[in-house]
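Summary of structural features
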Amino acid sequence: MSAPEIKGWCPGAWRPMRSGDGLVVRVRPHLARLDADQARGLADVAEALGSGVVEVTARANLQLRGVTESGFPQVIDRLDALGLLPGDAESEARRNVILDPLDNGRAERMAEALYLGLEAARFAALPGKFGFVVDPGPLRRLDGISGDIRIEAAGDGLIVRADGCATGRLVAAEQAVPLALDLAAWFLDSGGVGRDGRGRMARHIAAGADLPDLLSGNAIPNDSVPAPAPGPLASGFCVAAPFGLFTAKALRHLAGHAGQLCVTPFRMLYLPGVSALDAHADLVTDPRDPIRRIEACTGAPGCPQASVATRDLARALAPHVPDGQRWHVSGCAKGCAFPRFADRTLVGRDGAFDLVMPGAPWDEPHRRGLTPSDINELSRP
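Residues numbered from 1 in each chain as written. Predicted model: local features only at pLDDT ≥ 70, side-chain atom pairs only at ≥ 80, totals over all residues. Heavy atoms only, no water.

**Remarks on the overall build of the protein**
What counts is decided by this rule: A run of H or I in DSSP becomes a helix once it reaches four residues, and a run of E becomes a strand once it reaches two; helices and strands are each numbered from the N terminus. The size measure is the radius of gyration over C-alpha atoms, and the globule rule it meets is 2.2 Å times the number of residues to the 0.38 power. Three exposure classes are used, based on accessible area relative to the maximum for each residue type with a 1.4 Å probe and protein chains only: buried under 20%, partly exposed in between, and exposed over 50%.
Summing up its helical and strand segments, the protein has nine helices and 20 strands in all. Taking 2.2 N^0.38 as the reference for a compact globule, 381 residues should give roughly 21 Å; the C-alpha atoms of the protein span a radius of gyration of 21 Å, in line with that estimate. Along the first, second and third principal axes, the C-alpha set of the protein runs to 55 × 45 × 45 Å. Across the 381 residues that make up the protein, the buried fraction comes to 53%.

**Here's the deal with the domain arrangement of the protein**
Rules: Here the limits of each domain have been adopted from an automatic or database domain assignment.
As assigned here, the protein comprises domain 1 (17-87 + 236-272), domain 2 (103-207) and domain 3 (290-378). Once you take the C-alpha centre of each, domain 2 and domain 3 turn out to be 32 Å apart.

**Some remarks on the packing of helix α1 (residues 36-49) against helix α2 (residues 72-81)**
In a pair of packed helices, the angle between the axes and the distance between the axes together describe the arrangement. Just so we agree on the cut-off: Where helices are involved, their axes are fitted lines through C-alpha atoms of the stretch in contact, as for all axes, and angles between N-to-C directions lie from 0 to 180°. Here roughly perpendicular refers to angles of 65 to 115 degrees, roughly parallel to angles under 35, roughly antiparallel to angles over 145, and oblique to all remaining angles. Between two residues, a contact is recorded if the distance between any of their heavy atoms is within 4.5 Å.
Between α1 and α2, the shortest axis-to-axis distance is 10 Å and the interhelical angle comes to 170°. One way to sum up the angle between α1 and α2 is to call them roughly antiparallel. Taking contact as the criterion, the partners of L42, D44, V45, A48 and L49 in α1 are, on α2, Q74, V75, R78 and L79.

**Observations concerning the sheet that holds strand β4 (residues 53-56)**
We count it as follows: At least two DSSP bridges between two strands are needed for those strands to be called paired.
Taken together, five strands build an open sheet; the order of strands is β1-β2-β5-β4-β13 and the sheet is antiparallel. With partners counted over all chains shown, the strands left at the sheet margins are β1 (17-19) and β13 (245-247), one partner each. Averaged over all neighbouring strand pairs, the angle between strand axes comes to 35°, with direction disregarded. Here β4 runs beside strand β5 (residues 62-67); their pairing, made up of three bridges, is antiparallel. For V56, the partnering residue across the bridge sits in β5 and is L62. The sheet strands contacting α1 are β2 (22-27), β4 and β5, and the helix crosses β5 at an angle near 20°.

**Let's talk about the sheet that holds strand β3 (residues 33-35)**
Pairing is antiparallel in the open sheet, where five strands are placed in the order β3-β14-β15-β12-β11. Among the strands making up the open sheet, the edge pair consists of β3 and β11 (231-232). As judged from the three bridges shared by β3 and strand β14 (residues 260-263), these two strands associate in the antiparallel manner. Bridged to R33 within β14 is C262. Here α1 sits on the sheet in contact with β3 and β14, set at roughly 90° to β3.

What follows is the structure, given as structure tokens:
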């Protein structure tokens with residue numbers, strides 16, 4: 001089997017990605033928020049023109065899968081009518097901004113300012129995967145979320161920090177976004193983008209790029225807190241779905257309980273102001289649900305990069321994952337669903353699985369060539 005193809009860009013609404021089960025259309029709601037009507041409308045689109053499921057991604061976006069070439073123009077028209085189609089393909093690709101969904105409004109204001117600033121022509125060359133994280137605290141919720149430029153809490157203030165640097169520059173709140181944009185411009189001007197159009201900040205820093213004094217500092221970000229779990233919070237309710245897959249019926253159910261649905265980078269939806277939620281078979285509201293302990297990508301045949309089916313195996317393994325551990329079933333070594341360390345990672349290769357324990361999908365495996373039966377045997381106590 002050849003190495004998995006690294007595309008270097010993410011799908012959008014205007015620029016879908018072909019996959020094994022059709023087109024993948026990624027929707028980036030404004031400020032990662034849907035109102036109830038938009039949620040119902042998106043459920044209708046998924047049911048009529050896609051797979052019937054809306055996927056919440058680790059980038060706080062939504063994905064429709066299974067869209068046909070002939071159905072794609074209808075998807076675009078319906079997304080536009082719902083107010084879920086920002087600008088054009090270029091401006092959409094630059095809106096890679098992840099904000100703390102539980103913030104009291106400051107994160108939203110900064111994200112709006114970033115949206116506006118990133119429309120400038122000087123940022124047209126930013127790579128498709130280059131992104132910003134807005135995590136103003138006071139405790140950071142987005143520490144484990146990938147981002148190239150980070151606005152974070154530090155003490156009672158804010159820092160702007162380049163990914164790959166342990167510290168950042170302390171700034172006043174009104175200076176944070178301008179400095180973040182200046183840092184993005186430096187990344188471009190200093191050769192952060194390769195000839196292939198790809199580039200990430202941490203890789204650029206690791207390769208020896210020297211940040212100028214005005215864009216660096218020695219302020220340490222505040223401590224982080226764990227991601228919220230499904231269930232009631234002080235200000236609302238978090239709800240999950242297996243592998244981040246929200247069925248059309250589940251979305252309509254949530255729209256009947258909440259005026260607003262916030263898309264989180266934790267592959268959950270957050271419902272502000274909601275204190276309780278009626279049970280639904282397609283939703284996870286119990287933080288102890290075993291399905292929360294395992295991650296799985298689309299796998300074969302939906303993804304052409306994968307040579308193995310993933311989610312049925314992950315469902316079967318979930319009850320065997322020890323409390324406090326995280327397991328990952330990945331169709332290939334890219335590890336799109338969970339590109340980081342797990343206590344146990346199964347990686348598809350040539351129709352079988354390699355076992356990494358512990359580690360990431362691209363790490364050296366502990367065992368190779370396992371079948372699902374072998375894995376079930378290994379998982380028994």
